[in-house]
Amino acid sequence: MAQWTSAVGAAQLARLLSSQQERPAGPGTRRPPAYRALADGIRLLVLEGRVPVAARLPAERELALSLSVSRTTVAAAYEALRAEGFLESRRGAGSWTAVPAGNPLPARGLEPLPPEALGSMIDLGCAALPAPEPWLTRAVQGALEELPPYAHTHGDYPAGLPALREMLAERYTARGIPTMPEQIMVTTGAMGAIDAICHLFAGRGERIAVESPSYANILQLMREAGARLVPVAMAEGLAGWDMDRWRQVLRDAAPRLAYVVADFHNPTGALADEDQRRRLVDAARSAGTVLIVDETMSELHLDEGFEVPRPVCGFDPAGSTVITVGSASKAFWAGMRIGWVRAAPDVIRSLVAARAYADLGTPVLEQLGVNWLLSTGGWEQAVEIRRTQARENRDALVAALRRELPGWEYDVPRGGLTLWVRTGGLSGSRLAEVGERVGVRVPSGPRFGVDGAFEGYVRLPFTVGGAVADEAAARLAAAARLVETGANGGMEAPRTFVA
């Protein structure tokens, strides 16, 4: 019986390999043999998660033709991978990817580190901050006081607690977007909201247009749902959305859905202006595409005197084109798994009906906590704490990067939680791999792209500040030097850092 569970074609593997930027050779460094470079490239794809574990690789002859190399080169690369534990083979079953014993399976998303690993590893993988106390404690206490009447019910509210739906509708109305509670469904985080929308609107094989780059976990969610992702390139820096390109893609590809983060885009930090928002809605309406707008970062404007653009749904008065997703996870705390959907009432009814076959509803206690924050003014005060934390962390991280890695390029966003960094020609995948060995965890650019794009980037979140930001930049600089020189071993174990 074959031990592989999926397969990677020769053309696909060649495309993924070609997306890797060649490692610069340092002074006196010899270029590795062709088979060694090929083996290293495949190993990085496995470690990065872009080639799954237990994926059958193409036959030697097929891959040699796709790469325009000799079959001997491919055979030697496969043999090196087998010797290192990254490939297993059996006569008649082919060869499939593996990881050596003791190595963790590569994660396709951006899972946070377990607490026990935080003493020696600086985690720049997860764009989330600690809870803004004392408001979490107060919200829980307030929720417990409101709980008794609900405890006498069945506790299942597929559309969400009526009080929270009403409060969220009032907040949209206060922003100039008249909204009824019937247009709101409370979900288990923004991920739960987008998963429900994708299952309702886009079956397996349907096209979904996505920004390129885009939020890694959403891209993986859509892949797992069987969607065909259609990337639409972002403009350089913080310019954001190329409306001519969007209109062309929506017209030519006719995707069923499109997903955008118009407010402090993850990962670039770009902010769509009102003209971009209007034109994007017009293009989606003309193409018959439903536009999912992720507002999870919308309240995290960090600079003083900042005027927030009108919500994207404000340019869709009929409510037929835009579905808005919000969440407490970025603005308040990731552990508060409360999200919501704003859409036309018929869409909400369909989402609620489909929920009977999913999770039935969202935890009552957490909904009561968010409702307490929104109804007492605690939300605004907690979000202001969050803005201050993120602003200070952003400024500390940027200062440390300018000192330690002056050749890296980025534009400093005015809000959000992430910095999108061009790494001076270094491979983001190699930096991520080496970074873990020197004590800093960072996601590489390809996690945020489709088919291996953005190899020359990493994403850095505003989750550490002060001395920790300085240490994180120093460890990134150490990783960069090792990548530049091609060093693979002899690295010291990361020292424990306490702050």
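Overview of the structure. (Residues numbered from 1 in each chain as written. Predicted model: local features only at pLDDT ≥ 70, side-chain atom pairs only at ≥ 80, totals over all residues. Heavy atoms only, no water.)

Another point: unusual backbone geometry. For the bond from E133 to P134, the omega torsion is 10°, close enough to zero to count as cis. The topology assignment puts P134 in the loop between β5 (122-123) and α5 (135-151). Note that the residue after N266, namely P267, is joined by a cis bond; omega there is 25°. By secondary structure assignment, the location of P267 is in the loop between β9 (257-260) and α10 (274-287). Phi at A254 is positive, roughly 50°, even though this residue is not glycine. Relative to the helices and strands, A254 is located in the loop between α9 (243-253) and β9. Although it is not a glycine, L360 adopts a positive phi angle of roughly 70°. Within the secondary structure layout, L360 lies in the loop between α11 (345-354) and α12 (364-376). For L360, a relative accessible area of 42% puts it in the partly exposed group. (Helix = DSSP H or I, 4+ residues; strand = E, 2+ residues; numbered from the N terminus. Buried < 20%, exposed > 50% of the residue type's maximum accessible area, 1.4 Å probe, protein only.)

Below, the discussion takes up α5. Its 17 residues place the ends of α5 24 Å apart at the C-alpha level, agreeing with the 24 Å of an ideal helix rising 1.5 Å per residue. Among the residues making up α5, those that are buried are W135, L136, A139, G142 and A143. Looking at the buried residues of α5, the elements they touch are α12 and α13 (378-404). (Expected span 1.5 Å × (residues − 1). Contact = heavy atoms within 4.5 Å.)

Glancing now at the environment of R285. Take R285: it is sitting in helix α10. What makes R285 partly exposed here is its relative accessible area of 36%. Sequence separation between R285 and L250 is 35 residues; the distance between their C-alpha atoms is 9.6 Å. Leave out the neighbours within four places in its chain, and R285 touches F315, D316 and T321. Within the structure, R285 has its side chain in polar contact with the side chain of D282 (distance 3.1 Å). (Polar contact = N/O pair within 3.5 Å; in protein donor to acceptor, adjacent residues only side chain to side chain.)

Here helix α7 (residues 189-201) contains 13 residues, and its C-alpha end-to-end distance of 19 Å stays within 8% of the 18 Å for a straight helix at 1.5 Å per residue. For α7, the full list of buried residues reads G189, A190, A193, I194, I197, C198 and F201.

Here we come to the pattern of salt bridges. Using the criterion set out here, one finds 28 salt bridges in the structure. Linking D40 and R36 is a salt bridge whose minimum nitrogen-to-oxygen distance equals 2.9 Å. Linking D40 with R36, this pair stays in helix α2 (residues 34-48), spanning 4 residues, or about one helical turn. Take D40: its relative accessible area is 12%, and that puts it in the buried class. The partner of D395 in a salt bridge is R394, and the shortest N-O contact between them spans 3.1 Å. Taking relative accessible area as the criterion, D395 reaches 41% and is therefore assigned partly exposed. Three or more residues joined by partner-sharing salt bridges are found here, namely R36, D40, R43, E84, E433 and R437. (Salt bridge = Lys/Arg side-chain N within 4 Å of Asp/Glu carboxyl O.)

Okay, the sheet that holds β9 next. Within the open sheet, the 7 strands sit side by side as β6-β12-β11-β10-β9-β7-β8. Their pairing is mixed. Taken across any chain shown, the strands that pair with only one partner, and hence form the sheet edges, are β6 (184-187) and β8 (228-233). Sheet twist, expressed as the average angle between the axes of neighbouring strands with direction ignored, equals 20°. Set on the sheet, helix α6 (residues 162-174) makes contact with β6, β11 (322-327) and β12 (339-342); between it and β6 the angle comes to about 120°. (Pairing = 2+ DSSP bridges. Axes fitted to C-alpha atoms, helices over the stretch in contact; angles between N-to-C directions.)

Time to look at the pairing of strand β3 (residues 87-90). Across 4 bridges, the pairing between β3 and strand β4 (residues 94-97) is antiparallel. Opposite S89, over in β4, you have S95 as the bridge partner.

For the pair helix α3 (residues 60-67) and helix α4 (residues 71-84), interaxial distance at closest approach is 8 Å and the crossing angle is 120°. Considering their axes alone, α3 and α4 lie oblique with respect to each other. Both α3 and α4 take part in a crossing whose hand is right-handed. Between α3, through E60, R61, L63 and A64, and α4, the contact on the second element is made entirely by R71, V74, A75 and Y78. In terms of residue class, the contact of α3 with α4 is made up of 5 nonpolar, no polar and 3 charged. (Parallel < 35°, antiparallel > 145°, perpendicular 65-115°, else oblique. Left-handed = near helix turned anticlockwise from the far one by under 90°. Nonpolar A, V, L, I, M, F, W, Y, C, P; charged D, E, K, R; others polar.)

Helix α8 (residues 216-224) packs onto α7 with a crossing angle of 30° between their chain directions and a minimal axis gap of 10 Å. Considering their axes alone, α7 and α8 lie roughly parallel with respect to each other. In this structure, the crossing between α7 and α8 has a hand that is right-handed. Of the residues in α8, those in contact with M191, I194, D195 and C198 of α7 are N217, I218, L221 and M222. Looking at the contact of α7 with α8, its residues break down into 6 nonpolar, 1 polar and 1 charged.

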